[in-house]
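So the chains spell out like this:
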Amino acid sequence: MLQGHQSWVFSNRPHIISTGTVVGPFEANGPLALDFDLLHEDMWLEQDSFEKAERRILEQACQKSLSKAGLRKEDIQFFLSGDLVNQITPSSFAARTLSAPYIGLFGACSTSMEALALGSLIIDSGFGHTVLCAAVSHNATVEKQFRYPTEYGGQKPPTAQWTVTGAGAALLSSQGTGIHTTSATIGRIIDMGISDPFNMGSAMAPAAVDTITAHFRDLGVSFQDYDLVITGDLGRVGHTIARDLLIKHGFSVPDDRFSDCGILIFSENQPAFSGGSGCGCSAVVTYGHIINRMKKGELNRVLVVATGALLSPLSYQQKDTIPCIAHAVSLEINHQE
Amino acid sequence: MSNQKKKTLTPVQQEYQSFAQSREPKRSVVHNCFTAFVVGGTICLLGQFIQNFFIWQFGFTKETAGNPTVAVLIFLAALLTGLGVYDHFAQWAGAGTAVPVTGFANTIASAAIEHRTEGFVLGVGGNMFKLAGPVIVFGVFSAFVVALIKTILTSLGG
């Protein structure tokens, strides 16, 4: 049901019955390694291209979420997925493997929550009972697509971010117990005129702030109503800016309740510059780390705000600025059920 | 250019950009210049050693030893690129590894490796000069202009 200007409230409780997370070697060396289902030590996954490796980790994340729930791929009614490669081929090829009715999404790094919001909408409206929502990114394919060859020796500035190699999938069901989605806020495009693709944090921070503000306004809530508000991939630079912007807009931002997936996924001594980024970043941190913490009872209500920079290599070369977006989904766990 | 860009921004965008800029970590220019100077100088010193070696061991002259020296440096840079070491070294060294001929070799080798999965013709062949191409185009063109000016001046001056 629509509430306020741009938020949906899911009164029928779409449940996240299981999740699957698969990551690459760099993430496996990070502080959240124990929260992920599968860790790969090889960027290639024995495939002959990075694009195929990306498809493979997405397939594995989907398989993992299905096997955890004790379901088969035939049980998926709708599959919602997206990534950053041209024409989102890794998602479409994974959908070929799953042979489930498929909706391909592109929301850049906000795809994880875009898929979860739409999946929840399908369940809540009764148009489906089992929906698989996924997002994937691979460091080498994204670097190739948006920046320079991976082995190119260009010096990156400290505001740059490291694209996460990882895939996260969440299986939504109308039946279940435990963690469910309660609401979602669909973001609008915010463009503050930043045009440097090595400074995504600054570009995306205002979009995150806009969506958080809209969510709080539409639902009449504040930071006090959530145990954690976590943004997708702002990194250290963007996180600081977003926090200061929220304070400027008159919010009190408790440090222990506001975090970022891009900061959590890598430790400070890993050479990831400002932090992690990519579709897979918010997907694996949310579906791995956050879900685990909720199950342990450390967190009860979480708002995940996945941020995306909707640029293309072409728009960047033509000196266009970077339009950004953020989608928020709130998760809640009911221990009594 | 940056001034021209600023003019098209709205006051809100301009305000945000200065807000964001004050919170962004800056590149350390002094430190980068120093490492670039030391690393770039060391690569040139290595080149000098190789050149002297060719003169001393293979009987090249000062003029002819240049070509095999450059070939050795290009080979080393391409090898290190292939082994996946060069980009990590370059992140630290900055312009120190980008400016000498090793940087040029790295742009070609890295692009060739990157596009290998798309095949030899359209992948490697079509993309290996992706980064190095502009350097060649504008290098050749500016050499042509300089040669033209020199020719005109010498013919005028006699």
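The shown structure was predicted, so the numbers you read here are calculated from the model rather than taken from an experiment. (Residues numbered from 1 in each chain as written. Chains lettered and ligands numbered in written order. Predicted model: local features only at pLDDT ≥ 70, side-chain atom pairs only at ≥ 80, totals over all residues. Heavy atoms only, no water.)

Examining unusual backbone geometry
All names here are of chain A. Condition: A run of DSSP states H or I qualifies as a helix once it reaches four residues; a run of E qualifies as a strand once it reaches two. Both are numbered from the N-terminal end. Under the scheme applied here, a residue whose accessible area is under 20% of the maximum for its type counts as buried, over 50% as exposed, and between as partly exposed, the area being computed with a 1.4 Å probe on protein chains only.
Of note, Leu45 is a non-glycine position whose phi angle comes to about 50°, a positive value. Even without being glycine, Ile88 reaches a positive phi, approximately 35°. Position of Ile88 among the secondary structure elements: in the loop between strand E5 (78–82) and helix H3 (89–98). Of the residues examined, Ile88 reaches a relative accessible area of 13% and is grouped as buried.

A few points about the interface of chain B and chain A
Interface size is commonly expressed as the accessible area that is lost once the parts come together. Basically, it comes down to this: Should any heavy atoms of two residues lie within 4.5 Å, those residues are considered in contact. Here the quantity called buried area is the total loss of accessible area, with a 1.4 Å probe, experienced by two parts when brought into contact, counted for both. Should a side-chain nitrogen of Lys or Arg be within 4 Å of a carboxyl oxygen of Asp or Glu, the pair is scored as a salt bridge. The nonpolar class holds Ala, Val, Leu, Ile, Met, Phe, Trp, Tyr, Cys and Pro. Asp, Glu, Lys and Arg form the charged class, and all remaining residues, Gly among them, are polar.
Listed as interface residues are 33 residues of chain B and, on the opposing side, 33 residues of chain A. Counting the surface chain B buries against chain A, the share from its top three residues, Tyr16, Gln91 and Glu114 of chain B, is 23%. Counting across the chain B and chain A interface gives 3 salt bridges. Among the ionic pairs, Arg23 of chain B bridges to Asp244 of chain A, the shortest N-O distance being 2.5 Å. Among the elements that take part in the side of chain B that touches chain A, helix H2 (residues 11–21) of chain B stands out by supplying 7 residues, more than any other. Within the side of chain B that touches chain A, the residues separate by chemical class into 12 nonpolar, 12 polar and 9 charged.

Topic: the domain arrangement of chain A
Residues and elements named next belong to chain A. Spelled out, the test is: Where each domain begins and ends follows an automated or database-derived domain assignment. Pairs of N or O atoms within 3.5 Å make up the polar contacts considered here, provided that, within protein, one atom can donate a hydrogen while the other can accept it, and that residues adjacent in sequence are counted only when both atoms are side-chain atoms.
When its domains are assigned, chain A resolves into domain 1 (2–173) and domain 2 (179–333). Between domain 1 and domain 2, the C-alpha centre-to-centre distance is 17 Å. With 61 residues of domain 1 in contact, the opposing surface of domain 2 contributes 63 residues. Between domain 1 and domain 2, the buried area comes to about 5100 Å², and carbon and sulfur atoms account for 64% of it. Of all residues in domain 1, Gln6, Met113 and Gln161 give up the largest surface area on contact with domain 2, accounting jointly for 15% of the area buried on that side. At the boundary of domain 1 with domain 2, the tally comes to 0 salt bridges. Viewed at the interface, domain 2 and domain 1 are joined by 27 residue pairs in polar contact (both at pLDDT 80 or more). Elements with a minimum of two residues in the side of domain 1 that touches domain 2: strand E2 (7–9), strand E3 (15–23), helix H1 (25–28), helix H4 (111–124), strand E7 (130–137), helix H5 (139–146), strand E8 (162–163) and strand E9 (166–173). Per-element accounting of the side of domain 1 that touches domain 2 gives the leading share, 7 residues, to H4. In the side of domain 1 that touches domain 2, the residues fall into 32 nonpolar, 22 polar and 7 charged.

Focus on the nonpolar core
To keep it simple, the criterion reads: Grouping buried Ala, Val, Leu, Ile, Met, Phe, Trp, Tyr and Cys residues that are joined through side-chain atoms within 4.5 Å yields what is termed a nonpolar core.
Ranked by internal contacts, the top residues of the largest apolar core, which has 85 residues, are Leu116, Val229, Ile265 and Leu331 of chain A together with Tyr16 of chain B. Built from parts of two domains, this core gets at least three residues from each of domain 1 (2–173) and domain 2 (179–333) of chain A. Setting aside residues no more than four positions away along its own chain, Tyr16 of chain B makes contact with Met192, Ile194, Ser202, Ala205, Pro206, Ile241 and Leu245 of chain A. Listed in part, the 20 residues of the second largest apolar core include Ala61, Ile76, Ala100 and Ala167 of chain A.

Quick word on H2 of chain B
What counts here: Working note: the arc is built from the helix axis to C-beta atom directions.
Within H2 of chain B, the full set of buried residues consists of Gln13, Tyr16, Gln17, Phe19 and Ala20 of chain B. Seen from one end, H2 of chain B has its buried residues packed into an arc of 160°, which puts them on one side. Each element contacted by the buried residues of H2 of chain B is listed here: helix H6 (200–219) and helix H7 (235–248) of chain A.

Some thoughts on a nonpolar patch on the surface
All names here are of chain B. Threshold: Within the patch definition used here, like charges are joined within 9 Å and nonpolar side chains (Val, Leu, Ile, Met, Phe, Trp, Tyr) within 5 Å, considering only residues with over 30% relative accessible area and no salt bridge. Areas reported here follow the Shrake-Rupley algorithm with a probe of radius 1.4 Å; residue values treat only the protein chains shown as occluding.
A cluster of nonpolar side chains, namely Phe141, Phe144, Val145, Leu148, Ile149, Ile152, Leu153 and Leu156, defines an oily patch on the protein surface of about 820 Å² accessible area. Inspection of the secondary structure puts Leu156 in helix H9 (residues 133–157). Relative accessible area serves as the criterion here: at 71%, Leu156 is assigned to the exposed category.

Comments concerning H5 of chain A
Burial of H5 of chain A is extensive: 8 of the 8 residues sit out of reach of the surface. Of all the positions in H5 of chain A, only Asn139, Ala140, Thr141, Val142, Glu143, Lys144, Gln145 and Phe146 of chain A are classed as buried. Where H5 of chain A is buried, its residues meet helix H2 (50–69), E7, E8 and helix H10 (313–317) of chain A together with helix H7 (101–114) of chain B.

A short note on the side chain of Thr307 of chain A
Residue and element names in this part refer to chain A. Along the chain, the position of Thr307 falls in strand E14 (residues 301–309). A polar contact is formed between the side chain of Thr307 and the side chain of Asp233, at a distance of 2.8 Å. Every residue in contact with Thr307, bar those within four places of it in the chain, is listed here: Cys109, Ser110, Met204, Ala208, Gly232, Asp233, Leu234, Ile325 and Ala326.

What about the pattern of salt bridges?
Oppositely charged side chains can form a pair if their charged atoms are brought close together. Following the criterion strictly, the structure yields 16 salt bridges over all chains and no others. Lys144 of chain A is paired through a salt bridge with Glu118 of chain B; the nearest N and O atoms lie 2.7 Å apart. Remark: Glu118 of chain B occurs in the loop between H7 and helix H8 (120–127) and Lys144 of chain A occurs in helix H5; the pair is interchain, linking two chains. Among the residues examined, Lys144 of chain A registers a relative accessible area of 15% and is labelled buried. Here Glu118 of chain B falls in the partly exposed class, since its relative accessible area comes to 38%. Where Arg243 of chain A meets Asp244 of chain A, a salt bridge forms, and the shortest distance between an N and an O atom there is 3.2 Å. Accessibility expressed as a relative area gives 25% for Arg243 of chain A, which makes it partly exposed. On the basis of relative accessible area, Asp244 of chain A is assigned to the buried category, the value being 17%.

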